[in-house]
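# Report on the structure
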Amino acid sequence: MAHLQKDRILIAAIGDEDSVTGLLLAGIGHMDTKQKPNFLVVDSKTPLPKIEEAFEEFTNRKDIAIILITQQVGDEIRHLLDDYTQAFPTILEIPSKDRPYDPSKDSVLKRVQRLFGES
């Protein structure tokens, strides 16, 4: 299976401006051959379909290994996060500057807890 994932080398990000900017400054920014970025900055004016579209696009790209999504944005597309079951790209919810991390809302953590018979 590892040889099938060798091309997954990027980290994608969906979140507020401060969170995504910090990740871009850390070096995750990339444009694919179609000039599509591996990040989406979400603000109060970003329509829900655009967030959903970015999530679907990132989960279908074969060059992305991890998608970092702020929990606040994750709450907006919780139905997609809860239905997502693939191992790659892995979805990780992260805190934002304005809102602390709430483990009770993290879809991945809930799956792990169910796997180990917790909660």
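Anything mentioned here points back to the structure above.
Residues numbered from 1 in each chain as written. Predicted model: local features only at pLDDT ≥ 70, side-chain atom pairs only at ≥ 80, totals over all residues. Heavy atoms only, no water.

### Points about the environment of Thr 90
The criterion, for reference: Strands are runs of DSSP state E lasting at least two residues, helices are runs of H or I lasting at least four, and both sets are numbered from the N terminus onward. Here a residue-residue contact requires only that any non-hydrogen atoms of the pair lie within 4.5 Å. In protein, a polar contact means a hydrogen-donor-capable atom and an acceptor-capable atom, both N or O and within 3.5 Å, with residues adjacent in sequence counting only if both atoms are side-chain atoms; elsewhere, any N or O pair within 3.5 Å suffices.
Structurally, the position occupied by Thr 90 is in strand S4 (residues 90-94). For Thr 90 and Asp 63, which are 27 residues apart along the polypeptide, the C-alpha to C-alpha distance reads 12 Å. Thr 90 has contacts with Ala 65, Ile 66 and Ile 67, leaving out every residue within four places of it along the chain. In terms of polar contacts, Thr 90 uses its side chain to reach the backbone carbonyl oxygen of Ala 87, at 2.8 Å.

### Focus on helix H1 (residues 17-25)
Selection rule: Note on exposure labels: buried denotes an accessible area under 20% of the residue type's maximum, exposed denotes more than 50%, and partly exposed covers the range between, all computed with a 1.4 Å probe on protein chains only. Directions drawn from the helix axis to the C-beta atoms are what define this arc.
Buried within H1 are the following residues: Ser 19, Val 20 and Leu 23. Along the long axis of H1, the arc covered by the buried residues comes to 90°, so they all point the same way. Turned more than 90 degrees away from the buried face of H1, the exposed residues are Glu 17 and Leu 25. In the core, the buried residues of H1 are packed alongside strand S1 (10-15), strand S2 (39-41), strand S3 (64-70) and S4. Measuring from the backbone nitrogen of Asp 18 back to the side-chain oxygen at the start of H1 gives 3.2 Å, which picks out Asp 16 as the cap. Following H1 by one or two positions, Gly 27 adopts a phi angle in the positive range, close to 110°.

### Here's the deal with the pattern of salt bridges
The test is simple: Counted as salt bridges are all cases of a side-chain nitrogen of Lys or Arg within 4 Å of a carboxyl oxygen of Asp or Glu.
Tallied over the full model, the rule gives five salt bridges. Measuring nitrogen to oxygen at the nearest pair gives 2.1 Å for the salt bridge that ties Arg 99 to Asp 75. Of this pair, Arg 99 sits in the loop between S4 and helix H5 (107-115) while Asp 75 sits in helix H3 (residues 71-76), and the two are 24 residues apart along the sequence. Put simply, Arg 78 and Glu 93 hold a salt bridge, and the shortest N to O gap is 2.7 Å.

### Describing the sheet that holds S4
We count it as follows: When DSSP finds two or more bridges between two strands, those strands count as paired. Axis definition: a line fitted to C-alpha atoms, limited for helices to the stretch in contact. Angles are taken between N-to-C directions and run from 0 to 180 degrees.
Strand order in the open sheet formed by four strands is S2-S1-S3-S4, and the pairing between neighbours is parallel. Unpaired on one side and paired on the other, S2 and S4 mark the two borders of the sheet. Ignoring which end each strand starts from, the neighbouring axes of this sheet average 20° apart. Across five bridges, the pairing between S3 and S4 is parallel. Note that in S4 the partner of Ile 66 across the bridge is Thr 90.

### Here we look at the side chain of Thr 46
Here Thr 46 is to be found in the loop between S2 and helix H2 (48-60). A polar atom in the side chain of Thr 46 sits 2.9 Å from the backbone nitrogen of Asp 43. With sequence-adjacent residues up to four places away left out, Thr 46 is seen in contact with Val 41 and Ile 51.

By themselves, these are just geometric observations and shouldn't be taken as functional.
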